[in-house]
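# Residue-level structure breakdown
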Amino acid sequence: MLAKSYPYYLANQPQTSKEMMDVLDKYSGKVATRVAVPDAKAVEKAIAAAVKATVPMREFKPWARQAVLAHCVQRFKERREELAYALCVEAGKPIKDSDGEVTRLIETFFIAADEAVRINGETINLDLAKRLDGYHGYTKRVPLGPVSFITPFNFPLNLVAHKVAPAIAAGCPFVLKPAERTPIGALIIGEVLAETDLPKGAFSVLNLDGKHAGPLVEDPRFKLLSFTGSQIGWDLKARAGHKKVTLELGGNAACIIDADQGPHLDHVIDRLVFGAFYQSGQSCISVQRIYAHESLYEELKKRLVAAVKKLKAGDPKKKDTFLGPMIDEAAAERLHGWIEEARKAGGKVLCGGKRNGAMLEATLMENVPTSAKAHRQEAFGPFALLSPFRTFDEVVDMVNDSDYGLQAGIFTDSLSNAMRAWNELDQGGVIVNDIPSFRVDNMPYGGVKLSGIGREGVRWAIEDMTELRLMVMRER
Ligand code: NAD
């Protein structure tokens, strides 16, 4: 069950407000609960409190940060069902996937608890020449200070976790603005953090829409803006001033099925179905472009279409539902429009293609021109397109013919093609013998080109949230 209403968090404390925002059940479209909305004064107080918490957070020892993170791990385990249900309602995420996301939330905090006591420096060898005899160099990592976080709707828990947990491990106070359509996950994380002895002002969770989030982007007291979301991130970067900015944005991930995959097609299809349609394709590394070698293209197509047609769509609260709604009707309408546009441009719908409100059928297409939006832009819905390729050179060019570069997948038994993919695909990561949608929370994760700048994955986020500080010491 969801609570009737949820507070926001200002300087570690829950706050009520006259202004409330509705959160809808994304399947029924009804109001599921309401959240308190801070006014501009509260936003300013949250920033001032974060600034004041800079030194107390820096002095909050690694073992104490670890204890806070370990407490969260424990409490998330205890509140697992409630968290999964909240995601299922607020995001329309099938309950199985919602439960999977709680597992990842727990793992991300668990990793951060480990990393909190492992933030190390280096000894730098300064023995460059005789005149430097007796000089020694050392580095350590110091927390940046107050940081701001803005997160998207599609992983309301784990993408919050990927900012919050490293910030605690690094010793940075933070102000978080979760996605306004899915704030509940972040608010439960806030409730758990409020039980800990984090220094006052160490965190605020503000339910704001984008229009009211300007201070999180522009205020120079923040030393870092970490944003996960759509291409709007580039505009925010332009407004962010001198602070560091990390952007985790979208993609139109490609997956190559190499000529030697005939014997493995069952496994390949299983993974493609999951990668393209899991969470109704609303993942930044959802499989959107499938490139299969011409020798097995027809067979793959036939079996893939059959598998997709079997997917059970409907109420995300039911255990056997695979495909729930998209986040709202407008999102489904947008992608449906792209499918129609691709069809008019010569594309063939192999299965799906119909929409009912926010429910869009799992759709596969072929012959989609590379100029069509469904090919070039991020579909971010239950959609994938198939194209045959002849040579490996050709498919490398096909995959790279994109403005995005988050992750790509390749199924191959050829070590040299795997190495070529790793070397030649312009991506943040290449996944061999699995889908581009593969992510484990302790791996570096992020993109190139329009997909963003910087890497998450707890250790790398901690690097972003800390600065190297050098000491040079001369022997007397
Ligand atoms: P979105 O960009 O619409 O919203 C993301 C966040 O930005 C929300 O909290 C929103 O309120 C806020 N926002 C929007 N306009 C703003 C403004 N002017 N000022 C300040 N904040 C503003 O994205 P979304 O629809 O919630 O999420 C989907 C997008 O996120 C997709 O493009 C997806 O690929 C991307 N994404 C990327 C990753 C990644 O790790 N690379 C992960 C998940 C989602």
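Residues numbered from 1 in each chain as written. Predicted model: local features only at pLDDT ≥ 70, side-chain atom pairs only at ≥ 80, totals over all residues. Heavy atoms only, no water.

A few words on the overall build of the chain. For the chain, the count of helices and strands is 16 helices and 25 strands. Compactness check: the chain gives a C-alpha radius of gyration of 23 Å against a globular reference of 23 Å for 476 residues, within 12% of the reference. With respect to the principal axes defined by its C-alpha atoms, the chain has extents near 75 × 70 × 40 Å. Of the contacts made within the chain by residues no fewer than 6 positions apart, 72% connect residues no fewer than 24 positions apart. For the chain, the accessible area works out to roughly 20300 Å², and carbon and sulfur atoms hold 52% of it. Measuring between centres, the 62 positive side-chain charges of the chain sit 5 Å from its 60 negative side-chain charges. (Helix = DSSP H or I, 4+ residues; strand = E, 2+ residues; numbered from the N terminus. Rg over C-alpha atoms; globule rule 2.2 N^0.38 Å. Contact = heavy atoms within 4.5 Å. Areas by Shrake-Rupley, 256 points an atom, 1.4 Å probe, with all protein chains shown as cover. Lys, Arg positive; Asp, Glu negative; His and termini not counted. Charge placed at Lys NZ, Arg CZ, Asp CG, Glu CD.)

Now for the UniProt feature "domain: Aldehyde dehydrogenase" (unreviewed entry) in the chain. Mapped onto this numbering, the UniProt entry annotates "domain: Aldehyde dehydrogenase" (unreviewed entry) at residues 16-469. Between the C-alpha atoms that bound residues 16-469 the distance is 41 Å, and the span itself is 39% helix and 20% strand. (UniProt positions renumbered as here; feature names shortened; annotations may be inferred.)

Together, Arg58, Lys61, Lys140 and Arg469 make up a region of like positive charge exposed at the surface. Looking at the secondary structure, you find Lys61 in the loop between helix H2 (54-59) and helix H3 (62-78). (Patch = residues over 30% accessible without salt bridge, like charges linked within 9 Å, V, L, I, M, F, W, Y side chains within 5 Å. Salt bridge = Lys/Arg side-chain N within 4 Å of Asp/Glu carboxyl O.)

The next thing to look at is the UniProt feature "active site" (unreviewed entry) in the chain. Here, UniProt's "active site" (unreviewed entry) annotation points to Glu248. Once residues within four sequence positions are removed from consideration, Glu248 is found in contact with Phe227, Thr228, Gly229, Tyr445, Gly446, Ser451, Gly454, Arg455 and Glu456.

So, on to the sheet that holds strand E22 (residues 429-432). Strands sit in the order E15-E18-E19-E14-E13-E21-E22 across an open sheet of seven strands; the sheet is mixed. What marks the edges here is a single partner per strand, and that holds for strand E15 (348-351) and E22. Recorded for the sheet is a direction-independent mean angle of 25° between the axes of neighbouring strands. As paired strands, strand E18 (residues 363-366) and strand E19 (residues 383-389) are joined by four bridges and run parallel to one another. When the sheet's bridge partners are listed, Leu364 is paired in E19 with Ala384. (Pairing = 2+ DSSP bridges. Axes fitted to C-alpha atoms, helices over the stretch in contact; angles between N-to-C directions.)

Here the focus is the nonpolar core. Formed by 61 residues in total, the largest nonpolar core has its most connected members in Leu69, Phe76, Phe109, Val164, Phe174, Leu193 and Leu198. Top contributing element to this core by residue count: helix H5 (residues 95-116), with nine residues. In this structure Phe76 touches Leu83, Val102, Leu105, Ile106, Phe109, Ile189 and Val192, once residues within four positions along its chain are discounted. If you look at the next biggest cluster of nonpolar residues, it comprises 27 residues, including Leu272, Leu300, Val305 and Leu323. (Core = buried A, V, L, I, M, F, W, Y, C linked by side-chain atoms within 4.5 Å. Buried < 20%, exposed > 50% of the residue type's maximum accessible area, 1.4 Å probe, protein only.)

The next thing to look at is the site of the ligand. In the vicinity of the ligand lie 27 residues, with Thr151, Glu180, Ser230, Leu249 and Glu378 positioned nearest. A distance of 2.7 Å separates an oxygen atom of the ligand from a polar backbone atom of Thr151. A distance of 3.3 Å separates a nitrogen atom of the ligand from a polar backbone atom of Gly210. Burial of the ligand by the protein chains amounts to 88% of its free accessible area of 840 Å². Elements that contribute at least two residues to the shell around the ligand include exactly strand E11 (224-228) and helix H9 (232-239). Considering only residue class, the shell around the ligand consists of 15 nonpolar, seven polar and five charged. (Near = heavy atom within 4 Å. Polar contact = N/O pair within 3.5 Å; in protein donor to acceptor, adjacent residues only side chain to side chain. Nonpolar A, V, L, I, M, F, W, Y, C, P; charged D, E, K, R; others polar.)

Moving on, we get to the domain arrangement of the chain. Parsing the chain into structural domains produces domain 1 (5-249 + 451-472) and domain 2 (254-440). Put simply, the middle of domain 1 and the middle of domain 2, counted by C-alpha atoms, are 31 Å apart. If you look at the interface, domain 1 gives 28 residues, while domain 2 gives 24 residues. At the boundary of domain 1 with domain 2, total buried surface from both sides reaches about 2200 Å², with 57% on carbon and sulfur atoms. If you look at where domain 1 meets domain 2, you find two salt bridges. In this structure, Asp328 and Arg181 form a salt bridge, with 2.8 Å as the shortest nitrogen-oxygen distance. Our count for the contact surface shared by domain 1 and domain 2 stands at eight residue pairs in polar contact (both at pLDDT 80 or more). (Domains from an automatic or database assignment. Buried area = accessible area lost by both parts, 1.4 Å probe.)

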